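Structure assessment
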Amino acid sequence: MNVISLFKGRLIAFFDNRFTRRRQFSGDPNLLDENYDVVRSNLAANITQNIIESAYASEEELFSRLNANIGGLTESKVEEKLALHGYNEIEKQEQLSWYKHLWLCYKNPFNLLLTFLDIFYIITDDIRGIVVLSSMIIISTVLRFVQEQRSNNAADKLKEMVSTTATVLRIEDEDDETIAMYERQVNANLYNASANKIEVPINQIVPGDIVMLSAGDLIPADLRILGAKDLFVSQATLTGESLPVEKFSLPLKSGNKDSLELENIAFMGTTVVSGSARAIVLTTGRHTVFGSLADKVISQEVVETSFQVGINKVSWLLIYFMLIMAPIVFLLNGFTKHDWMDAALFALSIAVALTPEMLPMIVTSTLAKGAVAMAREKVIVKRLDAIQNFGAMDILCTDKTGTLTQDKICLERHTNIFGEEYDDVLEYAYLNSYYQTGLKNLLDVAVLERANFGDIPDLVKKYTKVDEVPFDFQRRRMSVVVSDKEASHILICKGAVEEILSCCNSAYHNENILPLTDELLTELLEVTGQLNADGLRVIAIASKSYPQGKSTYSVADEKDMVLVGYIAFLDPPKETTKPAIEALNKHGVAVKILTGDNELVTAKVCREVGLDVEGMLLGSQIDRLSDEELSRIAEDTTVFAKLTPAHKERIVMILHDKGHTVGFLGDGINDAAALRVADIGISVDSAVDIAKEAADIILLEKSLMVLERGVEEGRKTFANMLKYIKITASSNFGNVFSVLIASAFLPFLPMLPMQLLVLNLLYDISQIAIPFDNVDKEFISRPQKWDPSELKRFMLFFGPLSSIFDIATFLVMWYFYGANTQAHATLFQSGWFIESLFTQTMIVHMIRTRKIPFIQSQASISMVAMMILILSVGLSFPMFHPFAVYMQMQHLPFSYFIWLVGLVGGYLLLVQFMKNIYVRKYGWQ
């Protein structure tokens with residue numbers, strides 16, 4: 001179990017790297033380089049440089065460079081470009097074949113050890129041993145394989161629901177006259193050219209294609225905008241920005257901008273929120289910005305999670321214990337009994353008894369039960385280990401946009417010029433948004449939705465539209481002119497604050513018109529600055545009255561206006577965000593926000609959801625910190641803003657290396673690297689494919705309350721796994737201690753190898769119900785982690801207690817019943833068999849809880865039923881003649897059972913007494 005996921009991840013990464021190198025470098029000698037990381041870095045730099053050059057190039061230069069024309073590509077050119085550039089596809093993880101997956105599900109230390117012991121039984125022709133061990137191996141392997149296959153299949157089905165087509169301009173006939181005709185049509189009707197508009201699969205788009213975009217479209221490649229109308233693009237998947245970005249069609253003149261800030265470039269993987277556009281494809285596939293990020297994520301080496309590290313340490317602790325004790329038992333019995341073959345078989349039986357062979361099956365079935373429980377909450381668990389990591393998680397790092405927030409623009413405030421709530425400004429904004437023609441952008445939609453109550457919608461009955469001055473990106477404002485019943489005209493203008501202020505000479509407040517002096521202007525800028533500091537996007541509203549005689553209006557009329565107030569927008573938190581964060585904090589999970597958005601917007605969201613910001617770091621500050629410095633700061637910092645994907649990955653790794661179990665919740669390509677290195681990566685069904693591939697868990701519903709249920713389920717899972725390990729470890733230690741004493745003083749074996757194997761089998765069967773056991777509420781109130789040192793202490797503390805009563809049983813059988821010779825060995829062995837079965841089986845109920853069992857803490861019905869069943873079966877062996885003969889046992893006298901009640905009762909009372917001491921001294925995990 002402990003090395004499955006680690007080995008699986010490294011195997012996947014290895015084959016992915018080999019596979020991607022072979023595919024990506026074929027036919028491209030310029031990329032051949034011995035150092036793949038350097039090549040990938042150079043490739044990313046080349047992509048960025050190409051994007052920047054394309055943003056500043058003229059259209060003629062673009063068409064010449066891309067061998068394209070405005071009317072679209074011909075089919076022959078498309079075929080040539082496909083052969084040259086390949087399909088427009090992002091590298092993805094190669095799916096493991098079923099037999100490789102099955103092998104990885106099998107390969108863990110305990111299964112390998114059991115296989116070795118199984119081979120020994122095959123050599124000695126012990127059918128019972130073969131059946132028992134083989135069953136354990138097969139059940140644990142197949143159970144994990146089936147559960148993970150189901151989850152991965154469910155995740156794959158999510159991808160099939162994603163649209164995979166785009167609208168492009170293509171030319172069928174390749175003669176010059178046809179091409180010229182299409183070019184004239186496109187130039188005459190920029191956004192609605194349809195003569196050569198077709199839908200094609202996204203993977204068949206090539207550089208030079210002319211793509212037509214509209215609201216709701218996924219950007220299929222990196223594009224340069226040629227023409228746009230009210231185009232707003234959501235770049236949250238790349239940058240984490242909460243608000244959509246306006247895109248223009250004009251080439252940039254000058255400047256030194258980051259590639260993701262270029263206003264005329266649209267990036268693969270982003271989404272058109274509103275408006276329409278025509279664009280030309282610059283790059284496709286892995287040569288896009290999105291593709292370079294995906295390439296980096298896929299080539300990452302998988303990091304060991306806290307579960308893998310913990311179970312690995314515990315596993316080897318138990319195996320080392322077995323490897324030490326089994327040879328000691330062999331040598332002791334060989335020298336004292338002088339029958340080395342019997343000593344070897346007995347030592348082998350001890351090795352099997354000491355090996356927690358049920359651990360793979362218990363762990364797998366417990367995790368599978370947790371996965372089934374999460375499936376009922378509409379959560380896909382792709383990797384079973386993630387269930388326990390959910391419970392162990394003590395830090396949840398989360399992206400902001402689309403995870404904590406709705407990824408939707410809402411009108412948050414409408415204020416007068418001094419930031420006070422003012423309904424009139426909402427009325428002006430409503431009339432402006434309602435009467436403007438063409439596509440309404442996100443801000444207009446938010447205004448209309450917010451004002452759709454009371455008397456505001458009735459305003460359209462009081463006013464009629466006269467004219468409008470459309471929006472353009474040079475002046476960044478738009479105006480509508482309406483006429484009221486008094487026949488006067490009112491020009492209502494909305495736009496960017498600085499643009500509106502430049503057209504105003506006065507401001508309205510408390511029914512007074514105030515001249516826009518320098519002092520007032522400074523005060524107004526402070527108000528809008530404060531709104532911006534609150535994380536709001538501010539739009540100014542101004543108006544001007546005109547007499548009735550004017551019928552047409554232009555930009556020239558947008559002067560000497562009166563500032564009315566502001567409308568401010570925000571991407572609001574999800575309704576479940578605040579209660580989810582409160583629930584996580586209650587369960588001991590600290591929440592940290594890692595976002596590409598700015599610090600002001602992020603701080604606003606934190607206040608909205610009740611998340612106390614104890615510290616804030618920006619990406620630029622992180623770049624100046626060493627890992628050691630960042631490690632000291634990261635634990636006490638709540639918000640990390642303006643981050644790149646590399647920043648997010650680095651922060652998660654730093655926290656992981658500090659000993660935390662780190663979860664990461666995200667949905668964009670900029671989150672994929674962090675999702676991959678986190679102990680538990682959590683994504684949503686609407687996330688980009690590369691994020692869903694990197695995640696361990698996929699949420700099918702938008703509610704974040706499922707995170708709390710996941711934490712609780714993970715802790716229940718961990719609790720039940722830990723029960724088996726603690727019970728088995730302490731019981732095995734006590735049994736071996738008893739065997740060593742018995743082997744040193746008895747003239748015969750204290751128990752036959754076959755009896756020992758059957759006892760071990762019965763005990764193992766009794767543990768099958770552990771995954772379904774109840775868990776005390778106190779245990780799920782805080783994060784739980786693997787602690788081998790605590791397990792060792794627990795084993796040494798409780799193990800010898802059973803030996804006290806084993807030795808007492810030896811003395812009763814030796815002196816009271818005279819079972820002190822080889823002739824009476826079966827009586828001795830039968831008595832110890834029953835006592836061992838009772839103490840081992842009933843101790844489960846003592847150690848499963850820190851409380852008083854059956855009184856303060858109730859075991860599940862399945863646990864109690866399994867205990868009764870196993871004790872009944874065990875009692876039948878010496879009591880019924882056929883079983884007794886087969887097991888080489890004999891009937892026990894009635895008085896023995898009186899002794900048994902006293903011995904078992906004394907043992908349980910002593911364990912409860914010592915448990916109270918242990919809890920006070922060490923606590924209880």
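Residues numbered from 1 in each chain as written. Predicted model: local features only at pLDDT ≥ 70, side-chain atom pairs only at ≥ 80, totals over all residues. Heavy atoms only, no water.

Observations regarding the overall build of the protein
A tally of helices and strands in the protein yields 33 helices and 24 strands. Buried positions account for 59% of the 925 residues belonging to the protein. Carbon and sulfur atoms make up 57% of the accessible area of the protein, which amounts to about 37,800 Å² in all. (Helix = DSSP H or I, 4+ residues; strand = E, 2+ residues; numbered from the N terminus. Buried < 20%, exposed > 50% of the residue type's maximum accessible area, 1.4 Å probe, protein only. Areas by Shrake-Rupley, 256 points an atom, 1.4 Å probe, with all protein chains shown as cover.)

Here's the deal with a negative patch on the surface
A contiguous patch of negative charge on the surface is contributed by E75, E79, E80 and E172. Mapping E75 onto the fold places it in helix α4 (residues 75–85). Taking relative accessible area as the criterion, E75 reaches 31% and is therefore assigned partly exposed. (Patch = residues over 30% accessible without salt bridge, like charges linked within 9 Å, V, L, I, M, F, W, Y side chains within 5 Å. Salt bridge = Lys/Arg side-chain N within 4 Å of Asp/Glu carboxyl O. Lys, Arg positive; Asp, Glu negative; His and termini not counted. Charge placed at Lys NZ, Arg CZ, Asp CG, Glu CD.)

Examining the pattern of salt bridges
Any two side chains of opposite charge can pair, on the condition that their charged atoms come close. Following the criterion strictly, the structure yields 20 salt bridges and no others. Its salt-bridge partner being R709, residue E377 comes within 2.8 Å of it at the nearest N-O pair. A residue pair is termed long-range when its members are at least 10 positions apart, and E377 in the loop between α13 (359–376) and β9 (379–381) and R709 in helix α27 (residues 706–745) qualify at 332 residues. R607 is the salt-bridge partner of D534, the closest N and O atoms lying 3.5 Å from each other.

Some remarks on the nonpolar core
Note that soluble globular proteins tend to have their nonpolar side chains buried in a common cluster. In terms of nonpolar packing, the biggest core is built from 177 residues, with I280, F390, I682, I697, L699, L707 and F833 touching the most fellow members. For this core, the leading source of residues is α27, giving 16 residues. The contact partners of L699, leaving out residues within four places of it in the chain, are K378, V379, L665, I682, S683, V684, D685, V706 and L707. (Core = buried A, V, L, I, M, F, W, Y, C linked by side-chain atoms within 4.5 Å. Contact = heavy atoms within 4.5 Å.)

Concerning the packing of aromatic side chains
One pass over the full model with this rule turns up 25 aromatic pairs. Here W103 and Y106 contribute two aromatic rings whose centre-to-centre distance is 5.6 Å and whose plane-to-plane angle is 40°, an arrangement assigned as tilted. Here the residue W103 and the residue Y106 both occupy positions in helix α5 (residues 98–106), the gap between them amounting to three residues, near one helical turn. Judged by centre distance (5.8 Å) and plane angle (20°), the rings of Y430 and Y434 are stacked. Highlighted residues: Y430 and Y434, both in helix α15 (residues 423–435), separated by four residues, approximately one helical turn. Relative accessible area serves as the criterion here: at 6%, Y430 is assigned to the buried category. A network of ring pairs unites the aromatic residues F794, F797, F798, Y918, Y922 and W924 as a single cluster. One Lys or Arg, K726, reaches over the ring of F794 and ends 4.6 Å from the middle of that ring. (Phe/Tyr/Trp six-rings, centres within 6.5 Å; stacked < 30°, edge-to-face > 60°. Lys NZ or Arg CZ within 6 Å of the ring centre and 35° of its normal.)

A closer look at unusual backbone geometry
Here N67, not a glycine, exhibits a phi torsion of approximately 55°, which is positive. Mapped onto the fold, N67 is located in the loop between α3 (59–66) and β1 (73–74). In this structure, E511 is a non-glycine residue whose phi angle is positive, near 65°. Note on placement: E511 falls in the loop between β15 (504–509) and β16 (512–515).

What about a nonpolar patch on the surface?
A contiguous nonpolar surface patch, about 230 Å² in accessible area, is contributed by I138, V142 and V146. By the element assignment, I138 lies in helix α7 (residues 127–160). With a relative accessible area of 52%, I138 lands in the exposed category.

Observations concerning the side chain of T849
Relative to the assigned elements, T849 resides in the loop between α30 (825–847) and α31 (861–879). Judged by relative accessible area, which is 1%, T849 ranks as buried. Separated by 3.0 Å, the side chain of T849 and the backbone nitrogen of K851 make a polar contact. Dropping the residues within four chain positions of it, T849 is found in contact with D776, S857, K915 and W924. (Polar contact = N/O pair within 3.5 Å; in protein donor to acceptor, adjacent residues only side chain to side chain.)

Observations regarding the side chain of S857
One can find S857 in the loop between α30 and α31. S857 gets classed as buried once you look at its relative accessible area, which sits at 3%. A polar contact is formed between the side chain of S857 and the side chain of D776, at a distance of 2.8 Å. If we skip the residues at most four places from it in the chain, S857 touches D776, R848, T849, K851 and I852.

Some points on the sheet that holds strand β24 (residues 697–699)
Across a sheet, strands are paired by hydrogen bonds formed along the backbone, either parallel or antiparallel in direction. Across the sheet, which stays open at both edges, the eight strands sit in the order β9-β24-β23-β22-β10-β19-β21-β20 with mixed pairing between neighbours. One side of each edge strand has no neighbouring strand; the edge strands of this open sheet are β9 and β20 (616–618). The mean angle between the axes of side-by-side strands here comes to 20°, regardless of whether they run parallel or antiparallel. In the packing of helix α24 (residues 645–657) onto the sheet, the strands contacted are β10 (395–398), β19 (590–594), β21 (639–641) and β22 (662–665), and the crossing angle to β22 comes to about 155°. (Pairing = 2+ DSSP bridges. Axes fitted to C-alpha atoms, helices over the stretch in contact; angles between N-to-C directions.)

Some points on the environment of I137
Locating I137 in the fold gives a position in helix α7. In contact with I137, other than residues within four places in its own chain, are Y106, N111, L114 and T115.

So, the packing of α27 against α30
Two elements in contact, α27 and α30, have axes whose closest approach is 10 Å; the angle formed by their N-to-C orientations is 150°. For the element pair α27 / α30, the angle class is roughly antiparallel. As for the relative orientation of α27 and α30, their crossing is right-handed in sense. Residue-level contacts link K726, I727, S730, S731, N732, N735, S738 and V739 of α27 to W832, Q840, I843, V844 and I847 of α30. Considering only residue class, the contact of α27 with α30 consists of six nonpolar, six polar and one charged. (Parallel < 35°, antiparallel > 145°, perpendicular 65-115°, else oblique. Left-handed = near helix turned anticlockwise from the far one by under 90°. Nonpolar A, V, L, I, M, F, W, Y, C, P; charged D, E, K, R; others polar.)

Digging into the confidence of the model for the protein
Atom-level detail of predicted coordinates should not be read off regions where pLDDT is low. Residues with a pLDDT of 70 or more make up 84% of the protein, whose mean pLDDT is 80. pLDDT under 50 marks residues 1–40. Its contacts with residues more than four places away, or in other chains, come to 79 contacts. Across residues 190–194 the pLDDT falls below 50, and counting only partners more than four positions away or on other chains, this stretch makes 14 contacts in the model. (pLDDT = per-residue confidence, 0-100.)

Let's talk about the state of the cysteines
Tallied over the entire structure, the rule returns zero disulfides. C504 forms no disulfide, and the closest cysteine sulfur to it belongs to C503, at a distance of 6.7 Å. C504 sits in the buried class, given a relative accessible area of 9%. (Disulfide = S-S within 2.5 Å.)

Some points on the pairing of strand β14 (residues 489–496)
A large share of β14 lies buried, amounting to eight of its eight residues. Two elements, strand β13 (residues 477–483) and β14, share seven bridges in a ladder whose sense is antiparallel. If you follow V482 over to β14, its bridge partner there is I490. Two elements, β14 and strand β17 (residues 537–546), share eight bridges in a ladder whose sense is antiparallel. Note that in β17 the partner of H489 across the bridge is Y546.

Looking at the packing of helix α29 (residues 788–816) against α30
Where α29 meets α30, the axes come as close as 10 Å, and the angle between the chain directions of the two elements is 150°. Between α29 and α30, the angle is such that the two are roughly antiparallel. The crossing of α29 and α30 is right-handed. Contacts between α29 and α30 involve F794, F805, D806, T809, F810 and M813 from the former and L827, F828, G831, W832, E835, S836 and I847 from the latter. Partitioning the contact of α29 with α30 into residue classes produces eight nonpolar, three polar and two charged.

Regarding α15
The terminal C-alpha atoms of α15, which comprises 13 residues, lie 19 Å apart, in line with the 18 Å expected from a rise of 1.5 Å per residue. By the burial criterion, the buried members of α15 are V425, L426, A429, Y430, L431, N432, S433 and Y435. (Expected span 1.5 Å × (residues − 1).)

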